Structure formats: C-alpha cells, structure tokens
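Architecture and fold: a report
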Amino acid sequence: MEMVLETTATRAYRSLRHRILNNDLKPGQQLPQQRLAKQLGIGTVPLREAMVRLECEGLVESVPQWGARVRVWTLERWQHLFDLRVAIELQTARLCAERATDRELEELMIQASELDAFLDATPQDFSQIAARDAALHQRIAELARSPLLLEQFERAHVLGQMVYLTIRYTADVIQEPPHPHVDLVKALASRNLNLVRETMQWHLECARNEVQAQAKEWGLIGPSEGEE
Ligand SMILES: [Zn+2]
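Residues numbered from 1 in each chain as written. Predicted model: local features only at pLDDT ≥ 70, side-chain atom pairs only at ≥ 80, totals over all residues. Heavy atoms only, no water.

For the rest of this paragraph, the subject is the pairing of strand β2 (residues 67-70). Pairing of strand β1 (residues 60-63) with β2, which is carried by four bridges, proceeds in the antiparallel orientation. Within the sheet, the bridge partner assigned to glutamate 61 lies in β2 and is arginine 69. The hairpin formed by β1 and β2 contains three residues between the paired strands, and glutamine 65 there has a positive phi angle of roughly 70°. (Pairing = 2+ DSSP bridges. Helix = DSSP H or I, 4+ residues; strand = E, 2+ residues; numbered from the N terminus.)

Below, the structure is given as structure tokens:
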C-alpha cells in the first residue's frame, strides 16, 4: 500500500514539476488541491506529498489564507538565486579542473563544441538550448566529484530554469563570445584555476544579464520588493 502511494505521489510530483518548468503552470497561478487531484486522477494525500516536495524545491510556495501557487519571482529573488549559482559553479569548475581526468575533459569538449554549434545554428530553439546548456553545466558539477555540491547545483539549476525557460531567446541578446562553452572547457583543461574562475564568472554574468533583460522586457519577473 505504501509503495503504491509513493509511486502515485512521485508521478504527480514529476508531472507538476514538468508543467511548471515548461511554463504550462505560470508563476502566481493558484494550485487548488481538489481540482489538481481530480485532473491527475489521484487522491489528495499523494497530491499533498507531491506539493511538499515541490515546495521544498522552491517551485511552489504557499500563501497564508490563500493556498499554494507556483512561485512568483521578484527581481531580488532572481538575483539571490543567481548569486547562489555563481558561488556554486565557481567551485564546481574549480574542482572539475583539479579532479577531472584528461579523457573526461576531452569528452566534455565534444559536448561543449556540439552545444556551441547548436547555439550558433538555432539560437531561437530556446528550450533545447536550455536543456543542453544545463546538461553541460551538470557534467562539470559531476566531474567536481563532490556529492553535496552536486545536490546544491541541481537545486539552484532547477529554480533557474523556471525563469529561464519562460524566456524567448533571441539572437541579439547573446553578447558572449562565439564559443562560450568551448572556451570554458579550454580553461578547465588548462588546469589554471584563475583562468577557470574568470571564464566561468564571465559566462554566468553574461547569462545573468541576458536573462534579466529579457525577463524584465517580457514582464516575467515581478516588481522589486517595495516597488509597485
Ligand atoms: Zn552555459
């Protein structure tokens, strides 16, 4: 019985997570439990379990007297999240440069070349770019060989995606050098930690600027706290 409950809750969790990350459920959208349970064809107990997981991940928030909703992003929250991402990824890059084998870095280079070529060829295909970009950054985090850091990386990345995926990527917002990921892996392969830090920092700050500019333009990030 418990096994079945666990499976149903996990399935509900995955389904809702997918819908949030694909922007089918939009920031601020209310998540009424009865209706969602009915939609998913499950009871409210496994649904509640799924909601708790989503809340722990930061994808859902509960508002007193109002209920659960898809998390709303203010510019401050987004900035804080990005600060976290920069801190984590400077460290994953550093450890990757120290710990990855030459063979692993060669494979990473192939992945980076493919990603940059894809970016060049189809800058509009944003959800594909975001998925492939996430896969490369994830691989760097795995090669850091630090399980707790990887866990935190995944958490920050999922939240970042939420804002990221709702943005239509246009060619003219890309201000980075033409092969940002190849440059990044070259820095890792040089094992020069200063170069690693500079290259990763530059890459992430470019992403921060692009995403922020687009998100503001599209009204995807709410007003600053204190602003109206
Ligand atoms: Zn990237």
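Bound to the zinc ion on the protein side are Asp133 (OD), His137 (NE2), His181 (NE2) and His203 (NE2), at distances that span 2.0 to 2.2 Å. Each of the four donor atoms bound to the zinc ion contributes to angles spanning 79 to 166°, and the resulting shape is irregular. All donor residues of the zinc ion come from one chain, and their arrangement in sequence is D-x3-H-x43-H-x21-H. One end of the pair, aspartate 133, and the other, histidine 137, are both in helix α6 (residues 126-143), four residues apart, so they sit about a helical turn from each other. Owing to a relative accessible area of 0%, histidine 137 belongs among the buried residues under this scheme. (Donors = N, O, S within 2.8 Å, 3.2 Å for Na, K, Ca; no water. Tetrahedral: all angles 85-135°; square planar, octahedral: opposite > 155°, others 65-115°. Buried < 20%, exposed > 50% of the residue type's maximum accessible area, 1.4 Å probe, protein only.)

The next subject is the packing of aromatic side chains. All told, the structure shown has zero aromatic pairs when counted by the stated rule. The aromatic ring of tyrosine 13 is capped on one face by arginine 53, whose charged end is 3.8 Å from the ring centroid. One residue, arginine 132, lies across the ring of phenylalanine 118, its end atom 3.9 Å from the ring centre. (Phe/Tyr/Trp six-rings, centres within 6.5 Å; stacked < 30°, edge-to-face > 60°. Lys NZ or Arg CZ within 6 Å of the ring centre and 35° of its normal.)

What the rule picks out here adds up to 10 salt bridges. When the shortest N-O distance is used, the salt bridge between arginine 69 and glutamate 61 registers 2.9 Å. The partly exposed category is assigned to arginine 69, whose relative accessible area is 24%. What emerges from the salt-bridge pattern is a single network uniting Asp83, Glu205 and Arg208. (Salt bridge = Lys/Arg side-chain N within 4 Å of Asp/Glu carboxyl O.)

Its 14 residues place the ends of helix α3 (residues 44-57) 20 Å apart at the C-alpha level, agreeing with the 20 Å of an ideal helix rising 1.5 Å per residue. Every buried residue of α3 is accounted for by Pro46, Leu47, Ala50, Met51, Leu54 and Glu57. The buried side chains of α3 occupy one side of the element, clustering within an arc of 145° when seen end-on. Positive backbone phi, at 90°, marks glycine 58, one or two positions downstream of α3. (Expected span 1.5 Å × (residues − 1). Arc of directions from axis to C-beta.)

Leu31, Met51, Leu108 and Leu188 are the most contacted members of the largest nonpolar core, which has 55 residues in total. Ranked by residue count, the leading element in this core is helix α4 (residues 75-99), at 11 residues. The residues touching leucine 188, leaving out its near neighbours within four places in the chain, are Ala93, Cys96, Ala97, Leu105, Leu108, Ile140 and Val196. (Core = buried A, V, L, I, M, F, W, Y, C linked by side-chain atoms within 4.5 Å. Contact = heavy atoms within 4.5 Å.)

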